Amino acid sequence: MNAVLEIEDLRIGFGPLEAVRGIDLVVERGQTHCLVGESGCGKSVSALSVLRLLPKRARFSAARLAFEGNDIAGLGERGMARLRGDRMAMIFQEPMTSLNPAYTIGSQMIEVLRRHRGASRAAAVDRCIAMLERVGVTAPAMRLGQFPHQLSGGLRQRVMIATALLCEPALLIADEPTTALDVTVQAQFLRLLADIQRQMGLAVLLITHDLGVVARVADRVSVMYAGRIVEHGATGAVFAAPRHPYTRGLLASIPVPGKIPPGGRLGSIPGIVPRIGAGFAGCAFRARCAVAMPACAAPVPEHRLADGHRFACHLGPDGAWSGA
Amino acid sequence: MVGGMNHVIEAIGLSQVFRQRQGLFASARQVMAVDDLSFRVAEGSALGIVGESGCGKSTLARMLLGLLPASAGTLRIGGADLRGMDRRARARLIQPVFQDPMSSLNPRRRIGATIALPLRVQGTGRAECRRAVARMLEEVGLAPEIAARFPNQLSGGQRQRVAIARALIVNPRILICDEPTSALDVSVQAQILNLLMDLRARFKLTLVFISHNLAVVEHIADEVAVMYLGRFVEHSANAEIFAAPRHPYTRALLASVLTPEPGLGLPEMPLGEGSPDPTNIPPGCRFHPRCPLATELCRNQAPPRGAVECHFAASGAGA
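Each residue is numbered by its place in its chain's sequence as written, counting from 1. The lettering of chains begins at A and the numbering of ligands begins at 1, in the order of writing. With pLDDT at 70 or above as the cut-off, local features in this predicted model cover only qualifying residues; side-chain atom pairs require 80 or more to be listed or tallied, and sums for whole chains, interfaces and linings still use all residues. Values reported for side chains reflect all heavy atoms of the structure, with hydrogen atoms and water molecules removed beforehand.

## Structural notes on the overall build of chain B
Piece 1. The secondary structure listing takes helices from DSSP runs of H or I that are at least 4 residues long and strands from runs of E that are at least 2 residues long, numbered from the N terminus. Along chain B, the regular secondary structure elements total eleven helices and ten strands.
Piece 2. Radius of gyration here uses only the C-alpha atoms, and the compact-globule reference equals 2.2 Å multiplied by the residue count raised to the power 0.38. The C-alpha radius of gyration of chain B comes to 21 Å, within 12% of the 20 Å expected for a compact globule of 319 residues.
Piece 3. The principal-axis extents of the C-alpha atoms in chain B amount to approximately 65 × 50 × 50 Å.
Piece 4. Split into buried and exposed, the 319 residues of chain B put 53% on the buried side.
Piece 5. We call two residues in contact whenever any of their non-hydrogen atoms come within 4.5 Å of each other. Expressed as a percentage of contacts within chain B between residues at least 6 apart in sequence, the contacts between residues at least 24 apart total 66%.
Piece 6. In these tables, accessible area is a Shrake-Rupley quantity obtained with a 1.4 Å probe, and a residue counts as shielded only by the protein chains included in the view. As displayed, chain B offers around 13800 Å² of accessible surface, 50% of which is attributable to carbon and sulfur atoms.
Piece 7. For the purpose of counting charges, residues Lys and Arg are taken to be positive, whereas Asp and Glu are taken to be negative. His and the chain ends are not included. Working definition for charges: the position is that of NZ of Lys, CZ of Arg, CG of Asp or CD of Glu. Charged side chains in chain B number 35 positive and 27 negative. The centres of these two groups are separated by 11 Å. A 1.4 Å probe rolled over the protein chains alone gives each residue an accessible area, and that area as a share of the maximum for its type sets the label: buried under 20%, exposed over 50%, partly exposed in between.

If you want it as structure tokens, here you go:
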């Protein structure tokens, strides 16, 4: 088994609100797993919970949370602190908020190696320069002396990924890493990430709202809606034959040059993205669903197809009422 | 661009130069945000402007709205010079929709009052305003009771509908949309794009649609201008630009659109590193440091002005 991260029945709540309502997710070595969904669906808190970076007031439980085969659900803060930044690393959307503006790039990168590896300063500097070079940062030695605000957005994102990779992690969690970047820089950054992943055999959990990014980089995709994974499968299978009405709606709502004629109507999902609630009875999507029936208020069955493709809907794989 | 057509926007030699000081004693540097642009927009058409951050597209939007006087050049809106136009007359002609409706709506004013404000400024009475607000809410697909709410009680998509209602209540001829869907979820973006296209037909609007998202621009625009460091490096009909892009930058932008087609993988990006810097525009062709086709000529000499500003546009090299 090559699973780097295994999650079963993850639940996260804030007071009476349920942000994540029982998700299962596996990320394998060398694989990119995309968690896709709209704002408030619970994708970011799910990722944060793996690193145990949730706010204190959050409720958190999981039937299983295993990292490299070891259970980490019961691991204390000291154990987690050893893993974070070492075996598992995370990068965020806006590098400006995760880099400390008051410290140079060098001091922030070197700290990681001194803390996790006990490296000498000189050795740490060499390693940082090598890593910056590897992610395509020009004049790496000079960058170490610079402050975050002196770098462009694309460079900051590269510095952040270099920092995340310093200890050669097994798992990289990337939360909307390219959303703040220009399109050309986004494409360059994703290529870089793919190259590094191949070289290092890195498992990547990528959180995004952009189905274009998902299509081009993901091996497996999990579509999240209102705290649940409503559809999961190999990327090709899900895009070729989306089974959940929400997945179908999302795919129809993006304009694609050459596919949808200019000025033609985009498929859109009526209504608004739900805020996290105090528990949904039945299918959470039914208020916006074009094929909803009264029976959708009942608990939702999950259907399993070939190659791990699964979806949660009252309509079965043949589109008929599954009678659950 | 047929002759004899009525052009509601005419820009001639439009420039915007900012002066920027890097430190207290440093001498000011010039930032050429918009550089000698000339273009026209035909009544009822939609011009899409695409470009990356720092290309000057939002500066151009503010100039079109009359919020920023041009450093040089002339801007005619509806046949009249924007300079010296009365503010109220200008507001009747041209209205904006911005990216983030949370920051463009007054959080302490009820939605009804916000939508009515442009009419109140024009001197319309309260009863008439109330009727107009009710009508506009319906036009943009919002329930009448929304009028009594505050912006923080609405979702992002609803707030953008409010911003559109406020813009259209004075029945303007031109709508300037600056990244109107960039802050929205994809399912909501589709709703707002559909709404804009409906309203454009119903109100016979001329649209200037600014976005970094080429797929969105392709969907909504009749003509597309690709902006790079203050200039339109390529400007032609939508179908032409997407079927046969001629400027290397346009080609790079198009290649970098990640369409939801699995199996295609990630595009090769032959663009050099380094982001465009409007405080330091390169000599010769301004795109040459990132251009895969750049030659000695490109480093020394600016390309001829025209629909495609590239030395190799005619020969189609690298296409």
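Alright, that's what it looks like, and here's the rest.
## What to know about the packing of aromatic side chains
Residue and element names in this part refer to chain A.
Piece 1. Any pair of Phe, Tyr and Trp rings, taking the six-membered ring for Trp, is counted once the centres come within 6.5 Å. Such a pair is stacked with planes under 30 degrees apart, edge-to-face with planes over 60 apart, and tilted for the rest. Counted under the stated rule, the structure contains seven aromatic pairs over all chains.
Piece 2. Consider the rings of Tyr-225 and Tyr-246, whose centres lie 4.5 Å apart with planes at 55°: the pair is tilted. Within this pair, whereas Tyr-225 is found in strand E10 (residues 220-225), its partner Tyr-246 is found in helix H11 (residues 245-252), the two being separated by 21 residues in sequence.
Piece 3. Both rings, one in Tyr-225 and one in Phe-285, keep their centres 5.1 Å apart while their planes meet at 85°; by these two values the pair is edge-to-face. With Tyr-225 in strand E10 and Phe-285 in the loop between H11 and strand E12 (302-304), this residue pair connects regions lying 60 residues apart in the sequence. Take Tyr-225 and Phe-285: they sit in the same class, and that class is buried.
Piece 4. Ring-pair connections join several aromatic residues into one group, and the members of that group are Tyr-225, Tyr-246 and Phe-285.

## Considering the domain arrangement of chain A
All names here are of chain A.
Piece 1. As used throughout, domain bounds are those supplied by an automatic or database domain assignment. Along its sequence, chain A is carved into domain 1 (3-87 + 170-281) and domain 2 (98-166).
Piece 2. The straight-line distance from the C-alpha centre of domain 1 to that of domain 2 is 27 Å.
Piece 3. Taken together, the 17 residues of domain 1 in the interface contact 13 residues of domain 2.
Piece 4. Summed over both sides, the interface of domain 1 with domain 2 buries roughly 1200 Å², with 64% coming from carbon and sulfur.
Piece 5. In this description, buried area is defined as the sum, over both parts, of the accessible area (probe of 1.4 Å) that is lost when the two are combined. Ranking the residues of domain 1 by area buried against domain 2 places Asp-86, Phe-189 and Leu-192 at the top, with a combined share of 33%.
Piece 6. Should a side-chain nitrogen of Lys or Arg be within 4 Å of a carboxyl oxygen of Asp or Glu, the pair is scored as a salt bridge. The tally of links between domain 1 and domain 2 comes to one salt bridge.
Piece 7. Taking the shortest distance from any N to any O, the salt bridge between Arg-117 and Asp-86 comes out at 3.1 Å.
Piece 8. Polar contact is the term for a pair of N or O atoms within 3.5 Å; when the atoms are in protein, one must be able to donate a hydrogen and the other to accept it, and sequence-neighboring residues count only if both atoms are side-chain atoms. For the interface between domain 1 and domain 2, the tally reads four residue pairs in polar contact (both at pLDDT 80 or more).
Piece 9. Sort the elements by how many residues they give to the side of domain 1 that touches domain 2 and helix H8 (residues 183-200) lands first, with eight residues.

## Digging into the pattern of salt bridges
Piece 1. According to the stated counting rule, one finds 24 salt bridges over all chains in the structure shown.
Piece 2. Between Arg-305 of chain B and Asp-36 of chain B there is a salt bridge; the shortest N-O distance is 3.0 Å. Of this pair, Arg-305 of chain B sits in the segment after helix H11 (296-300) while Asp-36 of chain B sits in strand E2 (residues 29-42), placing them 269 residues apart in sequence.
Piece 3. Here Glu-309 of chain B makes a salt bridge to Arg-231 of chain B, at a shortest N to O gap of 2.7 Å. Taken as a pair, Glu-309 of chain B in the segment after H11 and Arg-231 of chain B in strand E10 (residues 231-237) lie far apart in primary sequence, 78 residues in all.
Piece 4. Classification of Glu-309 of chain B by relative accessible area gives buried; the value is 7%.
Piece 5. When salt bridges with common partners are traced through the structure, they connect Glu-302, Arg-304 and Arg-310 of chain A into a single cluster.

## Notes on the packing of helix H5 (residues 121-134) of chain A against helix H7 (residues 153-165) of chain A
Residues and elements named next belong to chain A.
Piece 1. Running from amino to carboxyl end, H5 crosses H7 at an angle of 125°, the nearest separation of the two axes being 9 Å. With respect to H7, the element H5 is oriented oblique. The crossing of H5 and H7 is right-handed. On H7, the residues that touch Arg-127, Met-131 and Leu-132 of H5 are Val-159, Ala-162 and Leu-165.
Piece 2. Here the contact of H5 with H7 is composed, by residue class, of five nonpolar, no polar and one charged. As a rule, the C-alpha atoms of each element are fitted with a line to give its axis, helices using only the stretch in contact, and angles between N-to-C directions run from 0 to 180 degrees. We call two directions roughly parallel when the angle between them is under 35 degrees, roughly antiparallel when it is over 145, roughly perpendicular when it lies between 65 and 115, and oblique otherwise. In this scheme the crossing of two helices becomes right-handed for a clockwise turn of the near helix relative to the far one and left-handed for an anticlockwise turn of less than a right angle. Gly counts as polar in this scheme, as do all residues outside two lists: the nonpolar Ala, Val, Leu, Ile, Met, Phe, Trp, Tyr, Cys and Pro, and the charged Asp, Glu, Lys and Arg.

## A word on the interface of chain B and chain A
A common way to express how large an interface is: the accessible area buried when the components associate.
Piece 1. Opposite the 44 residues of chain B that make contact, chain A presents 49 residues.
Piece 2. Carbon and sulfur atoms supply 57% of the area that chain B and chain A bury against each other, a total of about 3800 Å² over both sides.
Piece 3. For the chain B face of the interface with chain A, the top three residues by lost area are His-219, Pro-260 and Leu-266 of chain B, together amounting to 17%.
Piece 4. Our count for the contact surface shared by chain B and chain A stands at two salt bridges.
Piece 5. In this structure, the salt-bridge partner of Asp-198 of chain B is Arg-265 of chain A, at a minimum N-O distance of 2.9 Å.
Piece 6. Here chain B and chain A share 16 residue pairs in polar contact (both at pLDDT 80 or more) between them.

## A few points about helix H10 (residues 248-255) of chain B
Piece 1. With seven of eight residues buried, H10 of chain B lies mostly within the body of the structure.
Piece 2. Within H10 of chain B the residues assigned to the buried category are Pro-248, Tyr-249, Thr-250, Arg-251, Ala-252, Leu-253 and Leu-254 of chain B.

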